[in-house]
Amino acid sequence: AIDSRKNIYVADPDRGQIIKFNSSGDSIAAWSATIPTSLAIDASDIVYVVASNGQKLIAFDTTGNQLDSLVAPASQFSRVKASHAHQDVWAGDIASGNIKHYQPNFILADILTITQGPIGEPSGLKGIDDSDLCYVSEYQRPVFVFDAASTLKSWWDAGAYECLAIANRTVYVVSQRG
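Residues numbered from 1 in each chain as written. Predicted model: local features only at pLDDT ≥ 70, side-chain atom pairs only at ≥ 80, totals over all residues. Heavy atoms only, no water.

J.: Can you walk me through the overall build of the protein chain in this structure?
T.: Looking only at helices and strands, one finds zero helices and 17 strands in the protein chain. Counting only residues that meet the buried cut, the protein chain has 44% of its 178 residues in that class. Counted over contacts in the protein chain with a minimum sequence separation of 6, partners at least 24 positions apart contribute 32%. When the accessible surface of the protein chain is summed, it comes to about 8800 Å², and 47% of that surface belongs to carbon and sulfur atoms. (Helix = DSSP H or I, 4+ residues; strand = E, 2+ residues; numbered from the N terminus. Buried < 20%, exposed > 50% of the residue type's maximum accessible area, 1.4 Å probe, protein only. Contact = heavy atoms within 4.5 Å. Areas by Shrake-Rupley, 256 points an atom, 1.4 Å probe, with all protein chains shown as cover.)

Here you go:
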C-alpha cells in the first residue's frame, strides 16, 4: 500500500512487522504486528492491518502508533481494502463468507453477502476505487461492484483472469494465458 507521501508499506508475517519504505526503496521505519497478512491505507493515511491469524484489524498512523483495533475471534479476515476518498475500510471475512464495511473507529456500517456462486477467499475482495465503489469477485468471476451503502451497482463476467487491479476509476484485468 502507498500513502499520500508515496511511502510504501509492506506486511511481513514471517518477521511480524509492517515495514515502511520511502519512494527510493529505502527502509525508513518498521513496527510490530502479530502475523500481519494484509494492509491498506485510507485517504487520511491511516494504515489498516489484518493481524493475529485474521482475527484482528488494527489501525496505525504512518509512524506505527496504534490508533484503534478490532478483535473479532469469530472472524477470519484475509484481506483489507481502504477507501481513497473517506476513512472507511472493507475487510473480507472467510469465516462468515462476507465482506464487512467499517467506518472510522471500526463501527460496522454494512455487511456484503455474495450469494451467487461459491464463496471463495474472503468473497474475493479486490479493491475500492476513488469513487468508493467496492469490487468483489468470487473465484475470479463474475465481478460485482457495490457502492458505499452496499448496493449492487453493476456486475460483469470477466472470464478467467490472473489479476484484477483498480486505479482511480479504471479496472485493469489480466487474462489467463491459454
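So much for the structure itself; the text now carries on.
J.: Please explain the pattern of salt bridges as it appears in this structure.
T.: Side chains that carry opposite charge are capable of pairing whenever their charged atoms lie near each other. Evaluation of the coordinates by the stated rule reveals two salt bridges. Notably, a salt bridge pairs Asp12 with Arg15, separated by 3.8 Å at the nearest N-O pair. Residue classification places Arg15 among the exposed positions, given a relative accessible area of 62%. Among the ionic pairs, Lys100 bridges to Asp93, the shortest N-O distance being 3.0 Å. The pair Lys100 / Asp93 is uniform in exposure class, with both members buried. (Salt bridge = Lys/Arg side-chain N within 4 Å of Asp/Glu carboxyl O.)

J.: For this particular structure, what's the right way to read the side chain of Asn22?
T.: Position of Asn22 relative to the elements: it lies in the loop between β2 (17–21) and β3 (27–32). Here Ser24 takes part through its backbone nitrogen, which lies 3.0 Å from a polar atom of the side chain of Asn22. Those residues within four positions of Asn22 in sequence are excluded, and the remaining contacts are Lys6, Asn7, Ile8 and Ile28. (Polar contact = N/O pair within 3.5 Å; in protein donor to acceptor, adjacent residues only side chain to side chain.)

J.: Explain a nonpolar patch on the surface to me, please; I cannot follow it from the model alone.
T.: On the surface, Ile2, Ile8 and Val10 cluster together into a nonpolar patch covering about 230 Å² of accessible area. Structurally, Ile8 is set in strand β1 (residues 8–12). (Patch = residues over 30% accessible without salt bridge, like charges linked within 9 Å, V, L, I, M, F, W, Y side chains within 5 Å.)

J.: Got a minute to help me understand the sheet that holds strand β6 (residues 56–60) in this structure?
T.: Hydrogen bonds along the backbone pair up the strands of a sheet, which may run parallel or antiparallel. Pairing is antiparallel in the open sheet, where four strands are placed in the order β4-β5-β6-β7. Because the sheet does not close on itself, it has two edges, and the strands there are β4 (38–41) and β7 (66–71). Strand-to-strand, the axes of this sheet are offset by a mean angle of 15°, without reference to chain direction. (Pairing = 2+ DSSP bridges. Axes fitted to C-alpha atoms, helices over the stretch in contact; angles between N-to-C directions.)

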